[in-house]
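# Descriptive analysis of the structure
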Amino acid sequence: RRTVVYIFLTLFCIAFLAIMSASTSPLFVDYCDGDSSIFMLIGKAISMGKNVYTDYFDHKGPILFYLNALGFYMTGSKTGVFIIQCVFLSLTSIFMYKTARIFAKTFASIICVIVTILAFASTISDGNLSEEYCMLFCMIPIYLSIKHITKNPDTPHPKRYMFVYGVCFAACAFIRINNGIMIGGIVLVTLVTDFISENIKEAFLNVLMFILGILAAAVPICLFFLIKGTLSDMIFATFTFNFMYASEGSAEKNSGA
């Protein structure tokens, strides 16, 4: 029954993206607009041997561009990007379903997932945006943390979960860093709980595992760009530029007020 549910959710996600993701959907052959067009342009350039951040610049993280590049490697067109979107949203829907099943029965859980994805239609824009890919890396920590809180509330938070949270946070950071703030909230609540319970050792071990998870994802990415000779460009575009952009935006709002 679980397999049937997963297949249904996958088919639903494919149909949803085919209708709502106009920038990549095979149903909209000649349509290409918005931020998605920039991401696909850079992805296509990468697939043709160009370097992101030096030959082409945008201030999103490298994972986003290389996912688009993978799509063009696969099919030579935006259809490949659509396939990757379908994989990500399908996996996201499965973790949504697994989370809902902690509280509800099968049918109610499926309805919850469908309603949630339909609500996503209000923010999907033309599809293929950074938030769309980060949803998977956010849903995994949500599922694991709720599973632990509901199933084993009196036991220490599993260290392997904290490692996964770190990997997911790094994945979001190398797409668009503010999309991973929610994961930081989960980690913070876990640490506060440890301190309230006077599990100081557990708190420090959880911090260590979270950092190790971040390093497990971040180090290979940084090494890749270091070898290519574009590490400083990637760091500037992904992090420094966005911090500067956010700071200037805050300063403008304060001066306007």
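Every value quoted in this text rests on a predicted model; they were computed, and no experiment measured them.

### Some points on unusual backbone geometry
The phi torsion of most residues other than glycine is negative, and most of the peptide bonds are trans. Positive phi outside glycine occurs at Ser125, with the angle close to 55°. When you line up the elements, Ser125 lands in the loop between α5 (106-120) and α6 (130-151). For Ser125, a relative accessible area of 48% translates into the label partly exposed. Of note in this structure, Asn128 is not a glycine but carries a positive phi near 60°. Examined against the element boundaries, Asn128 turns out to sit in the loop between α5 and α6. What makes Asn128 buried here is its relative accessible area of 0%.

### What about the pattern of salt bridges?
The tally for this structure, following the rule as stated, stands at two salt bridges. Arg176 serves as the salt-bridge partner of Glu131, at 2.7 Å between the closest nitrogen and oxygen. Pair noted here: Glu131 is in helix α6 and Arg176 is in helix α7 (residues 159-176), with a separation of 45 residues, a long-range link. For Arg176, a relative accessible area of 33% translates into the label partly exposed. The shortest N-O distance in the salt bridge between Glu202 and Lys159 comes to 2.2 Å. With a gap of 43 residues between them, Glu202 in helix α9 (residues 200-228) and Lys159 in helix α7 connect regions that are remote in the sequence.

### Regarding α9
Taking 1.5 Å per residue, 29 residues should reach 42 Å; α9 reaches 42 Å between its end C-alpha atoms and fits that length. Along α9, the sharpest kink reaches roughly 30°, centred on Ala218 and followed within four residues by the proline Pro220. A positive backbone phi angle near 80° is found at Gly229, which sits one or two residues after α9.

### Details of the side chain of Ser90
Within the secondary structure, Ser90 sits in helix α4 (residues 78-101). Beyond its immediate stretch of four places on either side in the chain, Ser90 contacts Thr10 and Cys13.

### Here we look at a nonpolar patch on the surface
Together, Phe163, Leu205, Val207, Leu208, Ile211, Leu212, Leu215, Val219, Leu223 and Leu226 make up an exposed nonpolar region whose accessible area comes to about 780 Å². Element by element, the count of residues in the nonpolar patch is highest for α9, at nine residues.

### Points about the packing of aromatic side chains
Across all of its chains, the model carries 15 aromatic pairs by this definition. Aromatic pair Phe39 and Phe65: ring centres 6.0 Å apart, planes at 65°, arrangement edge-to-face. Of the two residues, Phe39 is situated in helix α2 (residues 34-47) and Phe65 in helix α3 (residues 62-75); the sequence distance between them amounts to 26 residues. Phe65 carries the same exposure label as Phe39, and that label is buried.

### Points about the packing of α3 against α7
Taken N-terminus to C-terminus, the directions of α3 and α7 make an angle of 80°; their axes are 5 Å apart at the nearest point. Classified by the angle between their axes, α3 and α7 sit roughly perpendicular to one another. Only Ala171, Phe174 and Ile175 of α7 make contact with α3, whose side of the interface consists of Pro62, Ile63 and Leu64. Per-class residue counts for the contact of α3 with α7 are six nonpolar, no polar and no charged.

### Observations concerning the confidence of the model for the protein
Taken residue by residue, the protein gives an average pLDDT of 90. The fraction at 70 or more is 96%. Confidence, expressed as mean pLDDT per element, reaches its minimum in the protein at helix α10 (residues 231-256) with 74 and its maximum at α4 with 96.

### Quick notes on the environment of Phe239
Take Phe239: it is sitting in helix α10. Note on Phe239: relative accessible area 16%, which makes it buried. The sequence separation of Phe239 and Ile63 amounts to 176 residues, and the corresponding C-alpha distance is 13 Å.

### Focus: α2
Here α2 contains 14 residues, and its C-alpha end-to-end distance of 21 Å stays within 8% of the 20 Å for a straight helix at 1.5 Å per residue. The set of residues buried in α2 consists of Ser36, Phe39, Met40, Ile42, Gly43, Ala45 and Ile46. Along its buried surface, α2 packs onto α3 and α4. Gly49, located one to two residues past α2, shows a positive phi value of around 100°.

Rules used throughout
- Residues numbered from 1 in each chain as written.
- Predicted model: local features only at pLDDT ≥ 70, side-chain atom pairs only at ≥ 80, totals over all residues.
- Heavy atoms only, no water.
- Helix = DSSP H or I, 4+ residues; strand = E, 2+ residues; numbered from the N terminus.
- Buried < 20%, exposed > 50% of the residue type's maximum accessible area, 1.4 Å probe, protein only.
- Salt bridge = Lys/Arg side-chain N within 4 Å of Asp/Glu carboxyl O.
- Expected span 1.5 Å × (residues − 1).
- Bend = angle between axes of the 7 residues up to and from the residue.
- Contact = heavy atoms within 4.5 Å.
- Patch = residues over 30% accessible without salt bridge, like charges linked within 9 Å, V, L, I, M, F, W, Y side chains within 5 Å.
- Areas by Shrake-Rupley, 256 points an atom, 1.4 Å probe, with all protein chains shown as cover.
- Phe/Tyr/Trp six-rings, centres within 6.5 Å; stacked < 30°, edge-to-face > 60°.
- Axes fitted to C-alpha atoms, helices over the stretch in contact; angles between N-to-C directions.
- Parallel < 35°, antiparallel > 145°, perpendicular 65-115°, else oblique.
- Nonpolar A, V, L, I, M, F, W, Y, C, P; charged D, E, K, R; others polar.
- pLDDT = per-residue confidence, 0-100.

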